[in-house]
Amino acid sequence: MKSISLLLLTPFLLTPVLSFAQEEGVAQYSHTFEILYGKDGADAVIEIVKRQNGEDPLPPGPGFATVSRTLTFNSTTSLFHTTEIQSFEIGERSNWEYIDTTFVDFKKGDYSQWVEFNADAYLIKDQLPEFSWRLTNETRTYLDYRVMKATALVDSSIVEAWFTPDIPVSAGPGLYSGLPGLILMATNEATGEVYSAELVDLKARSNIAAPSTGRAISAKKYHQIKKSEMEKSRRIYDKLMREREERGYAP
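Conventions we followed
Residues numbered from 1 in each chain as written. Predicted model: local features only at pLDDT ≥ 70, side-chain atom pairs only at ≥ 80, totals over all residues. Heavy atoms only, no water. Helix = DSSP H or I, 4+ residues; strand = E, 2+ residues; numbered from the N terminus. Expected span 1.5 Å × (residues − 1). Buried < 20%, exposed > 50% of the residue type's maximum accessible area, 1.4 Å probe, protein only. Polar contact = N/O pair within 3.5 Å; in protein donor to acceptor, adjacent residues only side chain to side chain. Contact = heavy atoms within 4.5 Å. Salt bridge = Lys/Arg side-chain N within 4 Å of Asp/Glu carboxyl O.

Caption draft 1: Examining helix H2 (residues 219-246) more closely. The first and last C-alpha atoms of H2 sit 41 Å apart over 28 residues, in line with the 40 Å expected at 1.5 Å per residue. Those residues of H2 that fall on the buried side of the exposure criterion are Ala219, Tyr222, Ile225, Lys226, Met230, Ser233, Tyr237 and Arg244.

Following this line, the structure appears as structure tokens:
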């Protein structure tokens, strides 16, 4: 995993408070993401069948949804998870993908992620993505912590993160990491995601264990499977739409 030299930081980060900094605790985040109903896969089939049977179509969903997630961290590992099981879609992900647990090992530079896709459970194991963070001089106070802004280009999209050097761990929500301080806020406009810490408890302690169930697979292989399945569902959807038109159903 790419490291960032403290020599790049402003004096704001080099104050004596680091000697008293905590290196473990629990943070609660609000995770807001865009819901995209593109009629891929199962939803498309269900809606077509409902209309053909004269039933009401699926109700439109909200533009955005928010769930609560918890990050347990220490100086070498972190565990990010939620207990709210539901189906949702982030960016181009299908609405049958659910990312439940993300375990990160900063020392080894890798991660494990439990994902459910199309009713199958996967255990993604791979190297942490490298974020080419650009540190800025923008600072503010958030949750009574001094935070500093950093940006990175991820898949042609700008990711903005606000981290605090007062908690000198390179952890953050999801796979966002690699900064010299805990990431308290992160936004990705391309995927419509916003992570906002709501509280940080440096006295709380909790076990950090990597997920162990699901089909072990690399991130590259998982994305290949997901792409193939989504293309398959799209072909099914297109076929149903053609048959619908041939039978004289209004679009």
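Caption draft 2: Region of interest: the side chain of Gln113. By the secondary structure assignment, Gln113 is in strand E5 (residues 110-117). Overall, the relative accessible area of 9% leaves Gln113 in the buried class. At a separation of 2.9 Å, a polar atom in the side chain of Gln113 contacts the side chain of Thr102. Among residues more than four places away in sequence, those in contact with Gln113 are Ile99, Thr101, Thr102, Tyr122, Leu123, Ile124 and Leu175.

Caption draft 3: Up close: the pattern of salt bridges. Using the criterion set out here, one finds four salt bridges in the structure. For Glu24, the salt bridge is made with Arg205, and the minimal N-O distance between the two is 3.4 Å. Pair noted here: Glu24 is in the segment before strand E1 (25-34) and Arg205 is in the loop between strand E11 (193-201) and strand E12 (215-217), with a separation of 181 residues, a long-range link. Put simply, Glu138 and Lys149 hold a salt bridge, and the shortest N to O gap is 3.4 Å. Separated by 11 residues along the polypeptide, Glu138 in strand E7 (residues 134-142) and Lys149 in strand E8 (residues 145-154) bring together distant segments of the chain. Glu138 gets classed as partly exposed once you look at its relative accessible area, which sits at 40%.

Caption draft 4: Spotlight on the environment of Phe33. Residue position: Phe33 is located in strand E1. With relative accessibility at 0%, the residue Phe33 sits in the buried group. In this structure, the C-alpha to C-alpha distance between Phe33 and Val194, residues 161 residues apart in sequence, is 6.4 Å.

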